[in-house]
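Architecture and fold: a report
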Amino acid sequence: MIKLYRHPLSGHSHRVELFLSLIGQDHELVEVDLLKGEQKGDNFLALNPFGKVPVIDDGSNGGPVVWDSNAILVYLARRYAKRTWYPDEPTVSAEIQKWLSVAAGDINNGPATARLVTVFGAGYDPEQAKSIAYGLFDVLELHLTGRAWLADANPTIADVAGYSYIAHAPEGDVSLKPYPAVRAWLARIEALPGFIPMQKTAVVLAA
Ligand SMILES: N[C@@H](CCC(=O)N[C@@H](CS)C(=O)NCC(=O)O)C(=O)O
């Protein structure tokens, strides 16, 4: 069975857990205690030299260890999912890659970083993170107006990669209220069979 090393409040971990659930793939969750620094211990560094969750170990199915949430989505989609989650037509796969890059860029530097400050007290500049988040949401709102999914006519791994930190942006004091098309897209993901939410945190500032 696939082992998923994760932390319950990590959006990067949640996107992988969400995808495993959406495609109905059996897996075992292995908790990594980030607050105690377990991710920087020798055992975990042997899995991911960057010392970050998520990581999957698919060794029991003859597969690899994969770190990086987006790389894991690509692996799982190609190996276990229906083709529609990651079609290989050049135009669609380029569209998907654009949004995976946005997930690793502005989503990470915007809503994810703003939430790191409010929820975990991380020492980043909250105003800079919020400004990146609102800039991103302005673009997303336009992109999702008149479109159901980010990259194709069906949901793809681009939507999965985008979901967790955008849905939890209010925990970082970033409001989703001005963005009805973004909220409708989140609701469409939440209505998919197999959807599982990420645990909410105690610190929730703006709705
Ligand atoms: N690019 C990585 C980022 C993963 C990441 O930032 N993980 C955070 C949790 S959300 C982590 O493990 N942080 C612990 C640390 O940096 O010590 C991915 O997409 O998987």
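Here's what I pulled together on the structure shown here. (Residues numbered from 1 in each chain as written. Predicted model: local features only at pLDDT ≥ 70, side-chain atom pairs only at ≥ 80, totals over all residues. Heavy atoms only, no water.)

**A short note on the overall build of the protein chain**
From N to C terminus, the protein chain includes seven helices and four strands. In the protein chain, the order of α-helices and β-strands from amino to carboxyl end is β-α-β-α-β-β-α-α-α-α-α. Over its C-alpha trace the protein chain gives a radius of gyration of 16 Å, about what one expects of a compact globule, namely 17 Å for 207 residues. In terms of overall dimensions, the protein chain has a C-alpha envelope of 45 × 40 × 25 Å along the principal axes. Counting every position in the protein chain, which comprises 207 residues, the buried fraction comes to 48%. For the protein chain, the proportion of contacts with a sequence separation of at least 24, taken over those separated by at least 6, is 66%. Carbon and sulfur atoms form 56% of the exposed surface of the protein chain, whose accessible area is close to 9,600 Å². Seen as two clouds, the 18 positive and the 23 negative side-chain charges of the protein chain have centres 3 Å apart. (Helix = DSSP H or I, 4+ residues; strand = E, 2+ residues; numbered from the N terminus. Rg over C-alpha atoms; globule rule 2.2 N^0.38 Å. Buried < 20%, exposed > 50% of the residue type's maximum accessible area, 1.4 Å probe, protein only. Contact = heavy atoms within 4.5 Å. Areas by Shrake-Rupley, 256 points an atom, 1.4 Å probe, with all protein chains shown as cover. Lys, Arg positive; Asp, Glu negative; His and termini not counted. Charge placed at Lys NZ, Arg CZ, Asp CG, Glu CD.)

**As for unusual backbone geometry**
The omega angle of the peptide bond from valine 53 to proline 54 is 5 degrees, so this bond is cis rather than trans. With a phi close to 90 degrees, aspartate 68 is a non-glycine residue in the positive phi region. Of note, aspartate 68 is situated in the loop between β4 (65-67) and α3 (69-80). On the accessibility criterion, aspartate 68 (38% relative accessible area) is partly exposed. A positive phi angle, close to 65 degrees, is found at aspartate 173, a residue other than glycine. The residue aspartate 173 is located in the loop between α6 (157-167) and α7 (180-190) in this model.

**Quick notes on the site of the ligand**
Ser10, His12, Gln39, Lys40, Gly51, Lys52, Val53, Pro54, Asp68, Ser69 and Tyr165 make up every residue found near the ligand. With respect to the ligand, the backbone of valine 53 contributes an N or O atom lying 2.8 Å from a nitrogen atom. For the ligand, the accessible surface in isolation is 510 Å², of which the surrounding protein chains cover 74%. For the shell around the ligand, the residue count by class is three nonpolar, five polar and three charged. (Near = heavy atom within 4 Å. Polar contact = N/O pair within 3.5 Å; in protein donor to acceptor, adjacent residues only side chain to side chain. Nonpolar A, V, L, I, M, F, W, Y, C, P; charged D, E, K, R; others polar.)

**Looking at α3**
If you check α3, its first and last C-alpha atoms are 16 Å apart, about what 12 residues at 1.5 Å a residue would give, namely 16 Å. Those residues of α3 that fall on the buried side of the exposure criterion are Ser69, Asn70, Ile72, Leu73, Tyr75, Leu76 and Ala77. Next to the buried residues of α3 lie β1 (2-6), α1 (11-22), β3 (55-57), β4, α4 (90-120) and α6. A distance of 3.1 Å separates the backbone nitrogen of asparagine 70 from a side-chain oxygen at the start of α3, and that oxygen is part of aspartate 68. (Expected span 1.5 Å × (residues − 1).)

**Some words on the pattern of salt bridges**
With the rule as written, the count across this model stands at 10 salt bridges. Between lysine 36 and aspartate 33 there is a salt bridge whose closest N-O contact spans 3.9 Å. Aspartate 33 sits in the partly exposed class, given a relative accessible area of 28%. Its salt-bridge partner being glutamate 95, residue lysine 98 comes within 2.6 Å of it at the nearest N-O pair. In this pair, lysine 98 and glutamate 95 both sit in helix α4, three residues apart, roughly one turn of the helix. (Salt bridge = Lys/Arg side-chain N within 4 Å of Asp/Glu carboxyl O.)

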